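Chains, contacts and geometry: an overview
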Amino acid sequence: MEKVLDVEDSPERETGPKAKRKKSEGNAPQGCIDLTEDSPTCSSKQQQQTTTTDKLSVICWNVDGLDTDNLANRAKGLCSVLVSYTPDVVLLQELIPPYIRNLKKWAVHKGYTVIEGGEGDYFTGMLLKISRVQLLKSEIVTYPTTKMTRNLLVAKVSFKGQELWLMTSHFESCKENGEERMKQLRVVMQRMREAPDNVNVLFGGDTNLRDTEVAKVGLPSGVLDVWERLGKQEQCRYTWDTKVNTNKRIPHISRFRFDRVYLRPATREGVPPLAPDHMALVGLQKLDCGLYPSDHWGIYCSFSAE
């Protein structure tokens, strides 16, 4: 189901809350998004993924909740992907209250714990498969200088008897906010670096980062970029790609790796460190409504314990 995308330079996008709300004017969020009905079908059959019991599976996805165009159908499309992949962990960004209210009903029915990363107009969230991942504690870390109410959601969980820290965030949007994004990246990297050495730490989110910004901050020793570790596969490079994803009807081509996954494996002797072994983009099929589930592709990753 993975699709190879050609490399092409392109102009920057504007993806801040104001830009997204402009597209949604006159189309208010639905009070009820029924995710218990049959999910909309895709133009091509979704590839069924089987759960591998000895591996951790994760999906990270900005669901574009601020754009209410066909939101109910797109939310059902998200759930269809989750049913296909049955991930242990789902890291979500840009949820809105109607979306999360109904996603909770679906998630409970499917055996997931739901964690919310805020109570405002939009926020992040996590789904944890109860049979595989047990929640120990969660917290929200504020970014002191954000202008867009962004934060870091942290969940301390148990997976196969070992403590694992999960993190997700939606970094500051728009090209001009690079300095704030780098501050937020530093907060995340500090949290990952300072975690106990018997804990595996996994971050996934819509970072809006440009490669130049990451280079300025740098990744601490021991923290790895999962896409880079798996060989920088071109088919997984661009998670924001208006060459293929037409949800926003942007006339120019804009392609970036805004969504990223970072891992800091445990280093203490006797504790199995996590290691990435697979990555793929998801949500690449159009729904019957003519849209993709989101303007972002989702990222599916699996990790083995060495």
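Residues numbered from 1 in each chain as written. Predicted model: local features only at pLDDT ≥ 70, side-chain atom pairs only at ≥ 80, totals over all residues. Heavy atoms only, no water.

Below, the discussion takes up the overall build of the chain. Along the backbone of the chain there are six helices and 14 strands. Expressed as a percentage of its 306 residues, the buried residues of the chain come to 58%. Partitioning the intrachain contacts of the chain with sequence separation of at least 6 by distance along the chain shows that 76% fall at a separation of at least 24. Approximately 12,900 Å² of the chain is accessible, and the part contributed by carbon and sulfur atoms is 48%. (Helix = DSSP H or I, 4+ residues; strand = E, 2+ residues; numbered from the N terminus. Buried < 20%, exposed > 50% of the residue type's maximum accessible area, 1.4 Å probe, protein only. Contact = heavy atoms within 4.5 Å. Areas by Shrake-Rupley, 256 points an atom, 1.4 Å probe, with all protein chains shown as cover.)

Counting residues in each nonpolar core, the largest one holds 32 residues, and the members touching the most others are Leu 56, Val 89, Leu 166, Leu 202, Val 226 and Phe 303. The element contributing the most residues to this core is strand β6 (residues 151-159), with four residues. Look past the residues within four positions of Val 226 in its chain and what remains in contact with it is Val 261, Tyr 262, Leu 263, Pro 276, Met 279, Cys 301 and Phe 303. Membership of the second largest hydrophobic core comes to 28 residues, among which are Val 81, Leu 92, Leu 127 and Val 282. (Core = buried A, V, L, I, M, F, W, Y, C linked by side-chain atoms within 4.5 Å.)

The next thing to look at is unusual backbone geometry. The backbone of Asn 70 shows a phi angle near 55 degrees, a positive value even though the residue is not glycine. With respect to the helices and strands, the residue Asn 70 is situated in the loop between β1 (55-62) and α2 (71-85). In this structure, Thr 149 is a non-glycine residue whose phi angle is positive, near 55 degrees. Its location among the elements puts Thr 149 in the loop between β5 (133-142) and β6. Classification of Thr 149 as exposed rests on a relative accessible area of 61%.

Attention now goes to the packing of α2 against helix α3 (residues 97-109). At a closest axis distance of 11 Å, the pairing of α2 and α3 adopts a crossing angle of 35 degrees. Every pair of crossing elements has a handedness; the one defined by α2 and α3 is right-handed. For the pair α2 and α3, the contacting residues are Leu 71, Arg 74, Ala 75, Leu 78, Cys 79, Leu 82 and Val 83 in the first and Tyr 99, Leu 103 and Trp 106 in the second. Looking at the contact of α2 with α3, its residues break down into nine nonpolar, no polar and one charged. (Axes fitted to C-alpha atoms, helices over the stretch in contact; angles between N-to-C directions. Left-handed = near helix turned anticlockwise from the far one by under 90°. Nonpolar A, V, L, I, M, F, W, Y, C, P; charged D, E, K, R; others polar.)

The next point concerns the environment of Gly 222. Counting through the fold element by element, Gly 222 comes out in the loop between α5 (211-217) and β9 (224-225). Judged by its relative accessible area of 44%, Gly 222 falls in the partly exposed class. Sequence-distant contacts of Gly 222, defined by excluding residues within four places in its chain, comprise Leu 263, Arg 264 and Pro 265.

Before going further, it helps to examine the sheet that holds β5. Ordered in space as β5-β6-β7-β8-β12-β9, the six strands form an open sheet in which the pairing is mixed. On the outer flanks of this sheet lie β5 and β9, each paired with one strand and no other. Helix α4 (residues 178-194) rests against β5, β6, β7 (162-169), β8 (200-206) and β12 (259-264) of the sheet, and its axis sits at about 25 degrees to β12. (Pairing = 2+ DSSP bridges.)

Attention now moves to the pattern of salt bridges. For the structure shown, the criterion picks out 13 salt bridges. Residue Arg 268 is joined to Asp 197 by a salt bridge in which the shortest nitrogen-to-oxygen separation is 2.8 Å. Of this pair, Arg 268 sits in the loop between β12 and β13 (274-282) while Asp 197 is found in the loop between α4 and β8, placing the two residues 71 residues apart along the sequence. Several salt bridges converge on common partners, so that one network encompasses Asp 64, Asp 67 and Lys 248. (Salt bridge = Lys/Arg side-chain N within 4 Å of Asp/Glu carboxyl O.)

What follows concerns the sheet that holds strand β14 (residues 298-305). Taking strand neighbours across the sheet as the criterion, the six strands line up as β3-β4-β2-β1-β14-β13 in an open arrangement whose pairing is mixed. Edge positions in the sheet fall to β3 (112-116) and β13, since each of these pairs with one other strand and no more. Strand-to-strand twist across the sheet, computed as the mean angle between neighbouring axes with direction ignored, equals 20 degrees. Alignment of strand β2 (residues 89-95) against strand β4 (residues 123-129), held across five bridges, turns out to be antiparallel. Its bridge partner being in β4, Leu 92 is matched across the sheet by Gly 125.

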